[in-house]
Amino acid sequence: MINDDILRLRPTWITIDLQAIQLNAQKIMQHAGAKKIIAVVKADAYGHGAKQVVQALLDIGIQDFAVATIAEGIALREVYPQKNVNIFLLGVQDVSHTNVMIQYRLVPPVGTIEWLQSALAQIEDGQKLAVQLAVDTGMGRMGAHSQENVQAIYDAIQNTDKLDFFGVFTHFATADDNNQSYYDKQVKRFYQWVTAAGIPKKYWNLANSGSAIWHFNEIDTETIRVGSVLYGYNPGAPEKKLPISLKPALYLKSKIGSVHQLQIGESVSYGATYTAAKSQWIATLPIGYADGYLRRMSGMNVLVDGHVEHVIGRVTMDQIVITLNQEYPVGTIVTLVGCDGQEKITIEDMAEYGHTIPHEILTNFGNRLPKIY
Ligand SMILES: *Cc1c(COP(=O)(O)O)cnc(C)c1O
């Protein structure tokens, strides 16, 4: 990966507000009445930069982090070797990497007794693997899926000195929508299975962002495990209003690279899908779908000098073309995500326009975009 200084030689950049992330973390804990937060920083902290986000959260006393893969875990552990920093893995891991997970003190989920036995067979005397028990209450991806399995795995963990028990968790499928009965079913299962297995409450963690925002009253957990709210995004559908105000942490800007006047009948970009109905000023920006400005953003708003303009024609790999209401000089700043005067464009706006969710917009940014903190 090319470093940020070199990436900055092209005038398109992301700005990250780390203070907003700290504020959001404090707000959601207060709102949900949680004592502890596991900050989800997978996919490079949803495109915000895991290394910097983790430091900002360490600064306000958060010590538990979650990523998806072993590689993400190792990258984080190399920067934060401290004993008190916990790094959880959320996805199913290949059990043959048990010793790598021990070496980097990563905490994988255990969802089957077979996985556990296979891991145990690899752990040498004097070594310990920290684990979390994953319970599948309705997400259908991974985890123990019956009272018997939860019990069997928990008992096996208790019966060896090669494992450290770090918690038990489940993941909600519908926390961010109105399907209350499915959510309730998941909660009920978790309580039944985990209580029957005799797992003390202090080990439970079951609230993702949607759950911590809209269902905190219905679950009894000291620990929340959240991603999107930290970064200031509504994890739900646009009509699902937030009961607390969150501050978005990511802004995206670019500078006009060239300006010219399109004559009547002239077209723009691949496929010549946009044709000028009248003579008009247009500009080219150095950003494209290879930067995560998705191809389906053709027609999306951008802000120039405090007013709304539009992406015209197809989004190409490295460049987009926008309308202008008048001639502007090369180098004029254009806001793709953020505020300009009275106008603003949010990640949620982009997600809605692109028929997707904020997470997908965010995690696509990155490869070539430098970040300024
Ligand atoms: C991604 C993930 C989260 C965080 O989800 P948000 O909705 O962003 O809060 C929590 N738990 C698990 C298991 C996940 O995979």
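Chains are numbered independently. Their residues run from 1 in the order of the written sequence. Residues qualify for local features only when their pLDDT is at least 70, as the model is predicted, and side-chain atom pairs are given and counted only at 80 or more; totals for whole chains, interfaces and linings, by contrast, use all residues. Computation of side-chain values: all heavy atoms of the structure, hydrogens and water removed.

### Let's talk about the overall build of the protein
So the rule is basically this: In this description a helix means any DSSP run of H or I spanning at least four residues, a strand means any run of E spanning at least two, and both kinds are numbered starting from the N terminus. Only protein chains enter the accessibility calculation, which uses a 1.4 Å probe; a residue is then buried when its area is under 20% of its type maximum, exposed when over 50%, and partly exposed in between. Areas reported here follow the Shrake-Rupley algorithm with a probe of radius 1.4 Å; residue values treat only the protein chains shown as occluding. Neither His nor the chain ends is counted toward charge; the positive residues are Lys and Arg and the negative residues Asp and Glu. Taken as the charge centre is NZ of Lys, CZ of Arg, CG of Asp or CD of Glu, depending on the residue.
Helix and strand counts for the protein come out as 13 helices and 21 strands. Counting only C-alpha atoms and orienting by the principal axes, one finds that the protein spans roughly 75 × 45 × 40 Å. When the 373 residues of the protein are sorted by exposure, 51% land in the buried category. Accessible area of the protein: about 16,600 Å², with a carbon and sulfur share of 50%. On the protein, the mean spot of the 31 positive side-chain charges and the mean spot of the 36 negative ones are 2 Å from each other.

### So, the site of the ligand
Condition: Whether a residue is near a molecule or strand depends on its heavy atoms: it is near if one of them lies within 4 Å of it. We define a polar contact as two N or O atoms separated by no more than 3.5 Å, with the added condition that, inside protein, one atom must be a possible hydrogen donor and the other a possible acceptor, whereas residues neighbouring each other in sequence contribute only through side-chain atom pairs.
Close to the ligand lie 13 residues; K42, Y46, S209, G227 and S228 are nearest. Between the ligand and the protein, one listed contact pairs an oxygen atom with a side-chain N or O atom of S209 at 2.5 Å. The side chain of R225 places a nitrogen or oxygen atom 2.9 Å from a nitrogen atom of the ligand. Elements supplying a minimum of two residues to the shell around the ligand: α3 (42–47) and β10 (223–226).

### Structural notes on the domain arrangement of the protein
Interface size is commonly expressed as the accessible surface area that is lost when the partners come together. Counted only if it meets this: Note that the domain bounds were set by an automatic or database domain assignment. Here, residues are in contact when the closest pair of their heavy atoms is within 4.5 Å. Here the buried area means the combined drop in accessible surface, using a 1.4 Å probe, for two parts upon being joined, counting both sides. Salt bridges are counted wherever a side-chain nitrogen of Lys or Arg sits within 4 Å of a carboxyl oxygen of Asp or Glu.
Here the protein is partitioned into domain 1 (18–231) and domain 2 (250–372). The centre of domain 1, based on its C-alpha atoms, is set 38 Å off from the matching centre of domain 2. With seven residues of domain 1 in contact, the opposing surface of domain 2 contributes five residues. Interface area lost by domain 1 to domain 2 is led by Y46, G47 and H48, which between them contribute 72%. On inspection of domain 1 and its partner domain 2, the count reaches one salt bridge. With its nearest N and O atoms 3.7 Å apart, the salt bridge here joins D44 to K371. There are one residue pair in polar contact (both at pLDDT 80 or more) connecting domain 1 and domain 2. At four residues, α3 tops the list of elements feeding residues into the side of domain 1 that touches domain 2.

### Things to note about the packing of aromatic side chains
In plain terms, the rule: Note on ring pairs: Phe, Tyr and Trp rings are taken, using the six-membered ring of Trp, and paired if centres are within 6.5 Å. Classes follow the plane angle, with under 30 degrees stacked, over 60 edge-to-face and the rest tilted.
One pass over the structure, following the stated rule, counts seven aromatic pairs. Ring centres 5.5 Å apart and planes at 85 degrees place the aromatic pair F190 and W204 in the edge-to-face group. Of this pair, F190 sits in helix α9 (residues 180–196) while W204 sits in strand β9 (residues 204–207), and the two are 14 residues apart along the sequence. Looking at F190, the relative accessible area reads 0%, which means it is buried. What makes W204 buried here is its relative accessible area of 4%. Among the aromatic residues, ring-to-ring pairing joins Y154, F165 and Y203 into one connected group.

### Topic: the nonpolar core
What counts here: Only buried Ala, Val, Leu, Ile, Met, Phe, Trp, Tyr and Cys residues count toward a nonpolar core, and they belong to the same one when joined by side-chain atoms within 4.5 Å.
Ranked by size, the top nonpolar core spans 114 residues in total, and within it V41, F65, L133, I199, I224, Y293 and I322 carry the most contacts. For this core, the element with the most residues is helix α2 (residues 18–32), which contributes six residues. Residues from two domains meet in this core; each of domain 1 (18–231) and domain 2 (250–372) gives at least three. Excluding anything up to four places from it in sequence, V41 contacts A50, V53, V54, F65, A66, V67, L76 and Y231. Counting six residues, the second-largest nonpolar core is a separate cluster that includes L262, A276, I282 and I312.

### Comments concerning the sheet that holds strand β6 (residues 109–110)
Across a sheet, strands are paired by hydrogen bonds formed along the backbone, either parallel or antiparallel in direction. Put simply, the rule reads: For two strands to be treated as a pair, DSSP must find at least two bridges joining them.
Pairing is parallel across the open sheet formed by nine strands, whose spatial order is β5-β4-β3-β2-β10-β9-β8-β7-β6. This sheet does not close on itself; its edge strands, each paired only once, are β5 (106–107) and β6. Note: strand β8 (residues 163–169) against β9, two bridges, orientation parallel. Each bridged residue has a counterpart across the sheet, and for V168 the counterpart in β9 is W204.

### Some words on the UniProt feature "active site" (unreviewed entry) in the protein
Selection rule: UniProt positions are given in the numbering used here, feature names are shortened, and annotations may be inferred rather than shown by experiment.
What UniProt calls "active site" (unreviewed entry) maps, in this numbering, to K42 and Y270. Considering the C-alpha atoms alone, the annotated residues occupy 229 residues of sequence and remain spread out, their largest mutual distance being 34.9 Å. Turning to its location among the elements, K42 is positioned in helix α3. Classification of K42 as partly exposed rests on a relative accessible area of 27%. Within the secondary structure, Y270 sits in the loop between β13 (267–268) and β14 (274–275). Among all residues touching Y270, those that are not within four sequence positions of it are R314 and T316.

### What to know about helix α4 (residues 50–58)
Taken residue by residue, α4 has A50, V53, V54, A56, L57 and L58 as its buried positions. Among the structural elements, α2, β2 (36–40), α3, β3 (64–67), α5 (70–79) and α11 (228–231) are those in contact with the buried residues of α4.

### Comments concerning the pairing of strand β11 (residues 250–255)
Residues L250, L252 and S254 of β11 are buried on one face, while the alternating residues Y251, K253 and K255, pointing to the opposite face, are not. One ladder, built from five bridges, connects strand β1 (residues 12–16) with β11; its direction is antiparallel. Opposite T15, over in β11, you have Y251 as the bridge partner. When β11 meets strand β19 (residues 333–340), the two strands line up antiparallel, connected through four bridges. Of the residues in β19, the one forming a bridge with L252 is V337.

### Comments concerning the UniProt feature "domain: Alanine racemase C-terminal" (unreviewed entry) in the protein
Here, the residues flagged by UniProt with the feature "domain: Alanine racemase C-terminal" (unreviewed entry) are residues 249–373. Taken as a whole, residues 249–373 contains 11% helix and 39% strand, while its terminal C-alpha atoms sit 10 Å from one another.

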